[in-house]
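# Coordinates in review
Listed below, chain by chain, are the residues.
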Amino acid sequence: MSNKETAKKVLMYVGGAENVKNVYHCATRLRFTLNHSDQVEKEKLQEMHGVINVLGSGTQIQVVIGNAVNKVFDELMPMLPSLENASSETGEKGRIIDRVFNVISGIFAPYLPLIMCSGILTGLLSLASSMGWMNAESGTYAILSGAGNAVFYFFPVLLAFTAAKQFKTNPYIAVVIGGVLLHPTFTALAEAKGAVAFFGIPVVMANYSSSVIPVILGVWFYSVIDHKLTKILPDSIRSLVITLAELLIVVPLTILTFGPFGTYVSQLLGDGLSALVGINPLIAGLIAGGLCGYMAIFGLQWGIIPIIIINITNKGFDYFTPMWLMATYSQIGLALGVLLKTKNTELRQLSFTSFLTGLFTGITEPIIYGLLTKFKKLHIPFITAGAVAGAFVGVMGVKQYTFVFAGVLNFPGFFGKTFPFYIIGIILAIGIAAAMTYVIGFEENNKKTAVIEDKSSEVILNSPVNGNLMELSEVKDEAFSSGSLGDGIAVIPDDGKLFAPVGGTVSAVYPTGHAYGITADSGAEILIHFGIDTVKLNGEGFKINVKQGQSVKKGDLMGEADLTTLVQKHYDPTVMVVVANSDSFHVNQIADVKEVTNQTEVLKIS
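Model, not experiment: these values are computed from the prediction. (Residues numbered from 1 in each chain as written. Predicted model: local features only at pLDDT ≥ 70, side-chain atom pairs only at ≥ 80, totals over all residues. Heavy atoms only, no water.)

### As for the overall build of the protein chain
Worth spelling out the cut-off: Numbering of helices and strands starts at the N terminus; helices are DSSP runs of H or I of at least 4 residues and strands are runs of E of at least 2. Summary of the burial criterion: residues with accessible area below 20% of their type's maximum are buried, those above 50% are exposed, and those between are partly exposed, where the area comes from a 1.4 Å probe applied to protein chains only. Contacts are residue-level and defined by heavy atoms, with any inter-residue pair within 4.5 Å sufficient. Working definition of accessibility: Shrake-Rupley area with a 1.4 Å probe, residue cover restricted to the visible protein chains. As used throughout, the charge tally considers Lys and Arg to be positive and Asp and Glu to be negative, leaving His and the chain termini uncounted. The location of each charge is read from NZ of Lys, CZ of Arg, CG of Asp or CD of Glu.
Along the backbone of the protein chain there are 21 helices and 20 strands. For the protein chain, the spread of C-alpha atoms along the three principal axes comes to 90 × 70 × 40 Å. Counting all 606 residues of the protein chain, 51% fall into the buried class. A separation threshold of at least 6 residues defines the contact pool for the protein chain, and within that pool the share at least 24 residues apart is 74%. When the accessible area of the protein chain is evaluated, it comes to approximately 27,700 Å², of which 60% is carbon and sulfur surface. Where the 40 positive side-chain charges of the protein chain centre and where its 45 negative ones centre are 9 Å apart.

Here it is, written out as structure tokens:
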């Protein structure tokens, strides 16, 4: 299945373009925020070829694609032309804990590749200097060192930008808050003799380069002022007043309050994490390596990543991450064990590609969602190998010097006296997990789930309604008119009766009654959509006569719509019929008349 087909089907099963409030992607997942949770067909998504797993609940859905996620995302976005105009008031808000982690993820995630690559470069420079390969006083070293350290020094400015986006305020003004904390005039005050005061109020000076919490709190407070003043100020002076408020109120308050408070909290969190390791590194390693690997499944890693960054910034190293990463290498060992054990072609392909990806880059979501969450027995070697390796790494005091994740490409972040013990820990984690997986086995199911489709036969589609035929390109909905959702036709209906244009199985029935899906015996996937934006009616004026999974014959009455209701509420009643998997077929319009009935043949699929 092509990336475009995958995107089409994913969009269909999450409820269509009208149901998508927002979507973005991480390394392996499409992360959807939807308007209505009851339109999601989770089982259909999980059965899709090209989808590893589906996570989340309510309106927060994550579709795990794997390494091709960016390509699928690129195909998906043209199918969502009105995404930026989607209402921010519709749909469920989700649990508070989900919203908190989503905000943290949104602030830090865009910079993780940059942070890790900067860490790799810094580690390589440190190695080159210590081995005498490069003079630390040379211009080459200085330029590369600047490239490696810039992201950390200017972190407050970068975080201000993404924090502003999360708090829905102006990011171009918010960056000033981070900039002030690093401005030479302000930083010079730390070296000035005597106390520093702001209108008589003592200022607690600190070095805010690489800081995290102060600027986030400052931007949050700015967003509160922005939102409050926007509601009461006239447009003519709003921008000027809000910007002045940031400079005259938010900036001083950040320096006087949020800065010292954030610094204190940062030190407290870093010291707390170090204390947990210091009390008993053996137990800490057992827990970090054996159980903390599950954090990524629930998105909890975003609660600890900022603390790790703070710890490395304040102390220059971190003990916790090496123990935690042993769980990642344990997952890589699972993939190796499955690869050696299974005879299933699809499993071998999945385990081989995910093993290599994990080993070199540290990205293990395909292992987590493609193997670990599907085969319960794999949890035994996963926990055991991670715990043993984590305990070893903890006892040996392995340090991480720059923020990087697992994987061979990230080794420079661990270069130092304890690096050999880190390598031994990796060998333990991968070796134990692979050996236990091979010996214990897993609940392998060799039954083929894919339906073999006979695409050799020709399929003729009738018009689903009585009315006037029109070109799909003339429809006033770009998702359809652009052909993003598939090739097909459109009909302006004379009445509200909707008939099955082809025989097959009803694959989708939207609760609002505005859209249906039929899978023909040939494998062609037909989407019938009654009206434009009619999902917003929430079922008003629609009647459903079929149910999902039901077999229908060509001409069966599938549903009805009250055209009077649609017209009175100013909705375009045009009916669209498209072949969702057009890339797999030849779709041709065969009707050469304007007026059609549900008996008129309009499309040929071959």
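This is not the end of the story, as more comes after the structure.
### What about the packing of aromatic side chains?
This is how the line gets drawn: For this analysis, a ring pair means two rings from Phe, Tyr or Trp (six-membered ring only for Trp) whose centres lie within 6.5 Å, classed as stacked if their planes differ by under 30 degrees, edge-to-face if by over 60, and tilted for the remaining angles. We count a charge as sitting over a ring when the NZ of a lysine or the CZ of an arginine lies within 6 Å of the ring centre and within 35 degrees of the ring normal.
Summed over the entire model, instances satisfying the criterion amount to 18 aromatic pairs. Centre to centre, the rings of Phe 317 and Tyr 319 are 5.2 Å apart; their planes meet at 70°, and the pair counts as edge-to-face. Residue class for Tyr 319 comes out partly exposed when judged on its relative accessible area of 28%. Here the aromatic residues Tyr 329, Phe 411, Phe 414, Phe 415, Phe 419 and Tyr 422 are joined through ring pairs into a cluster of three or more. The positively charged end of Lys 341 is found above the aromatic ring belonging to Tyr 438, 5.1 Å away from the centroid. The ring centre of Phe 317 lies 4.3 Å from the NZ or CZ of Lys 399, which sits over that ring.

### A word on the pattern of salt bridges
Put simply, the rule is: By convention in these notes, a salt bridge is any Lys or Arg side-chain nitrogen within 4 Å of a carboxyl oxygen on Asp or Glu.
Summed over the entire model, instances satisfying the criterion amount to three salt bridges. Here Glu 540 ties to Lys 569 by a salt bridge, and the two come within 3.8 Å at their closest N and O atoms. Here Lys 569 lies in the loop between α21 (563-568) and β17 (575-579) and Glu 540 lies in the loop between β13 (525-530) and β14 (542-544), a separation of 29 residues in the sequence. Overall, the relative accessible area of 40% leaves Glu 540 in the partly exposed class.

### Some remarks on the sheet that holds β14
We apply this condition: We treat two strands as partners when DSSP finds at least two bridges between them. Working convention: axes come from line fits to C-alpha atoms, limited for helices to the stretch in contact. Angles between N-to-C directions cover 0 to 180 degrees.
Taken in spatial order, the three strands of this open sheet run β10-β16-β14, and their pairing is antiparallel. The open sheet terminates on both sides in strands that have one partner only, identified here as β10 (497-499) and β14. The mean inter-strand angle of the sheet, taken between neighbouring strand axes irrespective of direction, is 20°. Pairing geometry for β14 and strand β16 (residues 557-561), over three bridges, is antiparallel. In the sheet register, Lys 543 faces β16, and the bridge partner there is Glu 560.

### As for helix α10 (residues 213-232)
Because an α-helix completes one turn every 3.6 residues, residues spaced three or four positions apart along the sequence face the same direction. Going by this rule: A helix's residues, less one, multiplied by 1.5 Å, set its expected span.
Along its 20 residues, α10 runs 30 Å from first to last C-alpha, staying within 8% of the 28 Å computed at 1.5 Å per residue. All buried positions along α10 are accounted for by Ile 213, Pro 214, Val 215, Ile 216, Gly 218, Val 219, Tyr 222, Ser 223, Ile 225, Asp 226 and Leu 229.

### What about the confidence of the model for the protein chain?
Defined as follows: Along the chain, pLDDT gives the predictor's confidence residue by residue, from 0 to 100.
Of the residues in the protein chain, 91% have a pLDDT of 70 or more, and the chain-wide mean is 83. Taken element by element, the protein chain is modelled with least confidence in helix α13 (residues 295-298), mean pLDDT 64, and with most confidence in helix α19 (residues 419-440), mean pLDDT 95. Note on residues 84-93: pLDDT under 50 across the span, and 13 contacts to partners over four residues away in sequence or across chains. Per-residue pLDDT stays below 50 along residues 446-456; that stretch engages in seven contacts with residues further than four places along the chain or on separate chains.

### What about the pairing of strand β7 (residues 459-462)?
Of the two faces of β7, both are covered, the one formed by Val 459 and Leu 461 as well as the one formed by Ile 460 and Asn 462. Bridge analysis of β7 against strand β20 (residues 601-605) gives four bridges, and the strand direction is antiparallel. Residue pairing for β20: Ile 460 is matched across the bridge by Lys 604.

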